[in-house]
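# Reading the structure
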Amino acid sequence: MDNLLTQYGAAIEALFARTTSGTKLGLERTTALLEKLGSPHRQLSAVHVAGTNGKGSVVATAEALLRATGLRVGRYTSPHLVDFRERITVDSTPITEEAVLEFLEEWIPTAEEIGATFFELTTALAFEWFVKQDVDIAVIETGLGGRLDSTNVLTPRVATVTSIGLDHTDLLGDTVEAIAREKAGIFKRDVPAIIGEPSPAIRDLLARCAKDVSARPVVLIDDEYRISDVEISGRGTAFTLEADGDRRRITTPLIGAYQARNTAVAIATVAMLGDEYLPPASDISKALSKVFLPGRFQRRGKFIFDVAHNPAGARTVAETMRALNPPQPRTALVAVLADKDWRGIIRELAPAVDHFLFTNAPSAPAERKWNPAEAHAFARAEGFDADLEPDMDLALMRAEKGCETLLVTGSFHTVGDAMSRLQVSPFAA
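Owing to the predicted nature of the structure, the values given are computational and were not obtained by experimental measurement.

## Here's the deal with the overall build of the protein
- From N to C terminus, the protein includes 16 helices and 17 strands.
- Computed over the C-alpha atoms, the radius of gyration of the protein is 21 Å, within 12% of the 22 Å expected from 2.2 N^0.38 for a compact globule of 429 residues.
- Principal-axis analysis of the C-alpha atoms places the extent of the protein at approximately 55 × 55 × 40 Å.
- Within the protein, the fraction of its 429 residues that count as buried is 57%.
- Long-range contacts, defined here as pairs at least 24 residues apart, represent 74% of the contacts in the protein between residues at least 6 apart.
- Put simply, the protein shows about 17,500 Å² of open surface, and 47% of that area lies on carbon and sulfur atoms.

As structure tokens, this is what we get:
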């Protein structure tokens with residue numbers, strides 16, 4: 001076993017280091033790799049989910065709903081927090097180390113010949129694993145964007161776009177409209193399109209994009225569903241959902257007012273597959289009780305972990321903090337990737353916390369590491385109470401001693417690094 005784990009660790013390092021580095025948008029390399037594998041993507045029944053914020057919650061919720069009807073469900077998400085295997089699960093069980101090792105040993109040389117990136121090779125691994133595991137359906141999250149994301153080789157049963165915000169502007173465009181068009185690239189002819197975007201202008205743009213490619217039907221959440229009476233507690237989020245004349249109280253363990261909309265989007269997505277895929281209305285909350293999504297307002301003692309990495313995500317974290325009113329004083333331990341709008345994130349978090357402590361995420365790629373001293377200076381200039389501790393281990397010890405609530409946020413790297421140090425599992429209990 002120890003030898004396997006050593007080999008697995010080395011293989012994962014090779015995956016990170018030896019495949020072509022960076023992001024290269026386009027489907028040709030993924031298609032070439034999948035063809036050599038026997039085109040497993042053509043054998044998959046799948047739901048495809050894109051969006052700036054909310055897609056992880058929608059994927060996890062859709063998975064729980066599908067599993068409640070007895071289906072065998074694959075889930076592909078990114079990035080991971082602690083363990084690479086979080087990305088690829090079947091019925092919430094992660095892919096085995098043996099399977100990852102075997103695949104990488106066989107296919108890394110081919111990936112290098114093709115010039116495939118880390119994410120493209122991982123996508124091929126996921127699709128092949130789901131076929132080998134004979135899943136009934138797979139819920140697939142895009143990695144970046146939609147149109148040119150490697151997961152977009154799929155022809156899914158349903159394509160869903162959650163919400164649009166400014167993120168990855170260097171690759172997807174510097175306006176919300178441009179980013180929306182990229183995300184809408186997952187819509188396809190005669191494939192149902194579900195649109196969760198709350199802004200009327202962007203919602204209409206997404207609907208036009210769906211209709212332009214002859215997606216059908218096109219379902220706008222705000223036209224078909226009505227959400228009201230949202231209540232947030234430490235146990236989750238409860239709300240009233242009206243659709244097709246039915247009015248029902250729904251509860252999800254995911255915390256935050258925005259989780260009501262994410263849950264409605266997931267319900268609409270699964271409903272579009274057919275009546276047999278969705279649990280009876282009276283059993284929806286029971287099915288949702290199994291939802292588990294690490295790093296999304298995940299509470300553990302005095303810690304709150306949230307992977308918010310753009311201002312919109314930070315705003316929802318701040319709103320949830322204010323609604324739940326956890327004990328004070330509250331410290332935000334923050335590390336953000338350099339290419340993100342960290343100033344916007346700090347401004348959004350400030351009203352909900354008493355103190356900032358800026359640090360580094362050790363696992364962040366060298367070329368994307370931010371300068372926490374610059375963030376510290378900015379926060380002080382804005383009048384926020386802030387300190388600096390570049391070493392995460394020291395920062396965690398220092399922050400934990402000085403507060404009653406400790407929010408760890410800013411990126412997947414930040415949350416994952418903190419969770420691994422605190423031995424918080426990214427897998428459901």
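## Things to note about the packing of helix 4 (residues 97–114) against helix 5 (residues 118–132)
- Viewed as axis vectors pointing N to C, helix 4 and helix 5 meet at an angle of 135°, and their least axial separation amounts to 11 Å. As summarised for this structure, helix 4 and helix 5 are arranged oblique, according to the angle between their axes. Regarding helix 4 and helix 5, the two cross each other, and that crossing is right-handed. On helix 5, the residues that touch Ala99, Val100, Glu102, Phe103, Leu104, Trp107, Ile108 and Ala111 of helix 4 are Leu121, Ala124, Leu125, Glu128, Trp129 and Lys132.
- Per-class residue counts for the contact of helix 4 with helix 5 are eleven nonpolar, no polar and three charged.

## Let's talk about the nonpolar core
- Among the nonpolar cores identified, the biggest contains 39 residues, and Leu104, Leu121 and Phe130 are the most heavily contacted of them.
- If one sorts the elements of this core by residue count, helix 5 sits on top with nine residues.
- Sequence-distant contacts of leucine 104, defined by excluding residues within four places in its chain, comprise Ala11, Ile12, Leu15, Pro109 and Leu121.
- Listed in part, the 37 residues of the second largest apolar core include Ile194, Val219, Ala260 and Leu293.

## Brief notes about the environment of phenylalanine 427
- By secondary structure assignment, the location of phenylalanine 427 is in the segment after helix 16 (412–422).
- Judged by relative accessible area, phenylalanine 427 falls into the partly exposed class, the value being 23%.
- Sequence spacing of phenylalanine 427 and arginine 247 is 180 residues, and the spatial spacing of their C-alpha atoms is 33 Å.
- Not counting chain neighbours up to four residues away, the residues in contact with phenylalanine 427 comprise Asp83, Arg85, Glu86, Pro94 and Phe292.

## Here we look at the pattern of salt bridges
- Scanning all chains against the criterion turns up 25 salt bridges.
- One network of salt bridges, in which partners are shared, links Arg226, Asp229, Glu242 and Arg247.

## As for the packing of aromatic side chains
- Applying the stated criterion to the full structure yields ten aromatic pairs.
- For the ring pair tryptophan 342 and phenylalanine 378, a centre distance of 5.8 Å and an interplane angle of 85° mean the geometry is edge-to-face. Here the residue tryptophan 342 occupies a position in helix 13 (residues 342–349), and phenylalanine 378 occupies one in helix 14 (residues 372–381), the gap between them amounting to 36 residues. You'll find tryptophan 342 and phenylalanine 378 in the same group, each marked buried.
- A centroid spacing of 5.4 Å and a plane angle of 10° characterise the contact between phenylalanine 356 and phenylalanine 358, whose relative ring orientation is stacked.
- You can call phenylalanine 356 buried: its relative accessible area is 2%.
- By relative accessible area, phenylalanine 358 is classed as buried at 0%.

## With respect to the sheet that holds strand 9 (residues 226–233)
- Strand order in this open sheet of three strands is 9-10-11, and the pairing throughout is antiparallel. The sheet is open, and its two edges are formed by strand 9 and strand 11 (246–252), each paired on a single side. With direction set aside, neighbouring strand axes in the sheet form an average angle of 15°.
- Taken together, the six bridges between strand 9 and strand 10 (residues 236–243) define a ladder with antiparallel strand orientation. Counted as the bridge partner of arginine 226 is glutamate 242 from strand 10.
- Against the sheet, helix 10 (residues 258–271) engages strand 9, strand 10 and strand 11, with an angle of about 50° to strand 10.

## What to know about the sheet that holds strand 15 (residues 355–358)
- Taken together, the six strands give an open sheet; going across it, the order is 12-13-17-14-15-16, and neighbouring strands pair in mixed fashion. Looking at the sheet topology across the chains shown, the edges are occupied by strand 12 (298–300) and strand 16 (386–388). Taken over all neighbouring pairs, the strand axes of this sheet differ in orientation by 20° on average, direction set aside.
- Note that strand 14 (residues 330–334) and strand 15 share four bridges and pair parallel. Following the sheet pairing, threonine 331 is matched in strand 15 by histidine 355.
- Sitting on the sheet, helix 13 touches strand 14, strand 15 and strand 17 (405–409), and the angle it makes with strand 15 is about 150°.

What counts, and at which threshold
- Residues numbered from 1 in each chain as written.
- Predicted model: local features only at pLDDT ≥ 70, side-chain atom pairs only at ≥ 80, totals over all residues.
- Heavy atoms only, no water.
- Helix = DSSP H or I, 4+ residues; strand = E, 2+ residues; numbered from the N terminus.
- Rg over C-alpha atoms; globule rule 2.2 N^0.38 Å.
- Buried < 20%, exposed > 50% of the residue type's maximum accessible area, 1.4 Å probe, protein only.
- Contact = heavy atoms within 4.5 Å.
- Areas by Shrake-Rupley, 256 points an atom, 1.4 Å probe, with all protein chains shown as cover.
- Axes fitted to C-alpha atoms, helices over the stretch in contact; angles between N-to-C directions.
- Parallel < 35°, antiparallel > 145°, perpendicular 65-115°, else oblique.
- Left-handed = near helix turned anticlockwise from the far one by under 90°.
- Nonpolar A, V, L, I, M, F, W, Y, C, P; charged D, E, K, R; others polar.
- Core = buried A, V, L, I, M, F, W, Y, C linked by side-chain atoms within 4.5 Å.
- Salt bridge = Lys/Arg side-chain N within 4 Å of Asp/Glu carboxyl O.
- Phe/Tyr/Trp six-rings, centres within 6.5 Å; stacked < 30°, edge-to-face > 60°.
- Pairing = 2+ DSSP bridges.

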